[in-house]
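If you want the building blocks of each chain, they are given just below.
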Amino acid sequence: MIAQKMQKEINDQINAEFWSAYLYLSMSSWFTEQNLPGLANWMYVQYQEEMAHGMKMFRYIHERGGEVKLQPIAKVPTSWKSPSAAFDEVFKHEQKVTSLINKLMDTAVELKDYASISFLNWYIDEQVEEEANASDIYTTLKEIEKMPGALRMYDKEFASRKFVDETQE
Ligand code: OFO
């Protein structure tokens, strides 16, 4: 049985993951409206990934005999000043999520909840990739977004990205 404190914090994180999904879906819509379908697709895949991150926690709480308590999803922004501004927000948001995951790990360690430590290790590794991806795209966009031709070419690189659910063992 999972401890109440751990259960509450994972429930809060499910909400944070679903909020991330909602943010990236909003960004996907905005990129579509900017005629950047590749980046819109990248964001749509990111939305699917965040839903899967939340659902992995959802299943875990049940596996541990706990209760899932879904909470309201707060409002998300709907427009950005530029493509790089959107990715700057992604990067900063992912840094925040990393700190939330680290706090969850602190609680698991404090409670000597070894199952949760093992479970959360997946998220610790995932956050390294999430931050690196956002930072790389931000850096490139910052350099090229004033050059329409280069921006269109770069956008095409993301058109074929497909969602692969890495949360299923
Ligand atoms: Fe779930 O990794 Fe992004 O937020």
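Preceding this section is the structure that the text describes.
A short tour of the structure in this document, coming up. Please read all numbers here as calculations on a predicted model, not as lab measurements.

Some words on helix H4 (residues 114-144)
Point 1. Helix length check: H4, at 31 residues, gives a terminal C-alpha distance of 46 Å against a target of 45 Å (1.5 Å per residue), a fit within 8%.
Point 2. At Leu120, H4 shows its maximal bend, which comes to roughly 25 degrees.
Point 3. Taken together, the buried positions of H4 are occupied by Ser116, Ile117, Phe119, Leu120, Tyr123, Glu126, Gln127, Glu130, Ala134, Ile137, Leu141 and Ile144.
Point 4. Each element contacted by the buried residues of H4 is listed here: helix H1 (4-33), helix H2 (37-63), helix H3 (83-110) and helix H5 (148-156).

Let's talk about the side chain of Ser84
Point 1. Relative to the assigned elements, Ser84 resides in helix H3.
Point 2. Residue classification places Ser84 among the buried positions, given a relative accessible area of 2%.
Point 3. In this structure the side chain of Ser84 is engaged in a polar contact, spanning 2.6 Å, whose partner is the side chain of Glu145.
Point 4. Every residue in contact with Ser84, bar those within four places of it in the chain, is listed here: Tyr138, Leu141, Lys142 and Glu145.

Describing empty space enclosed by the protein
Point 1. If you walk through the whole model with that rule in mind, you get 1 cavity of 30 Å³ or more.
Point 2. In this structure, the largest cavity encloses a volume near 50 Å³.
Point 3. Around the largest cavity sit Glu49, Ala52, His53, Trp122, Glu126, Phe163, Val164, Asp165, Glu166 and Thr167, which together line it.
Point 4. Ranked by residue count, the leading element in the lining of the largest cavity is H2, at 3 residues.
Point 5. Split by residue class, the lining of the largest cavity holds 4 nonpolar, 2 polar and 4 charged.

Definitions and limits used
Residues numbered from 1 in each chain as written. Predicted model: local features only at pLDDT ≥ 70, side-chain atom pairs only at ≥ 80, totals over all residues. Heavy atoms only, no water. Helix = DSSP H or I, 4+ residues; strand = E, 2+ residues; numbered from the N terminus. Expected span 1.5 Å × (residues − 1). Bend = angle between axes of the 7 residues up to and from the residue. Buried < 20%, exposed > 50% of the residue type's maximum accessible area, 1.4 Å probe, protein only. Contact = heavy atoms within 4.5 Å. Polar contact = N/O pair within 3.5 Å; in protein donor to acceptor, adjacent residues only side chain to side chain. 1 Å grid on protein atoms, 1.4 Å probe; cavity = no way out; pocket = protein on both sides within 12 Å on 5 of 7 lines; lining within 4 Å. Points joined across faces, edges and corners; volume = space filled by probe spheres on them. Nonpolar A, V, L, I, M, F, W, Y, C, P; charged D, E, K, R; others polar.

Function cannot be read off these values alone, since they describe shape.
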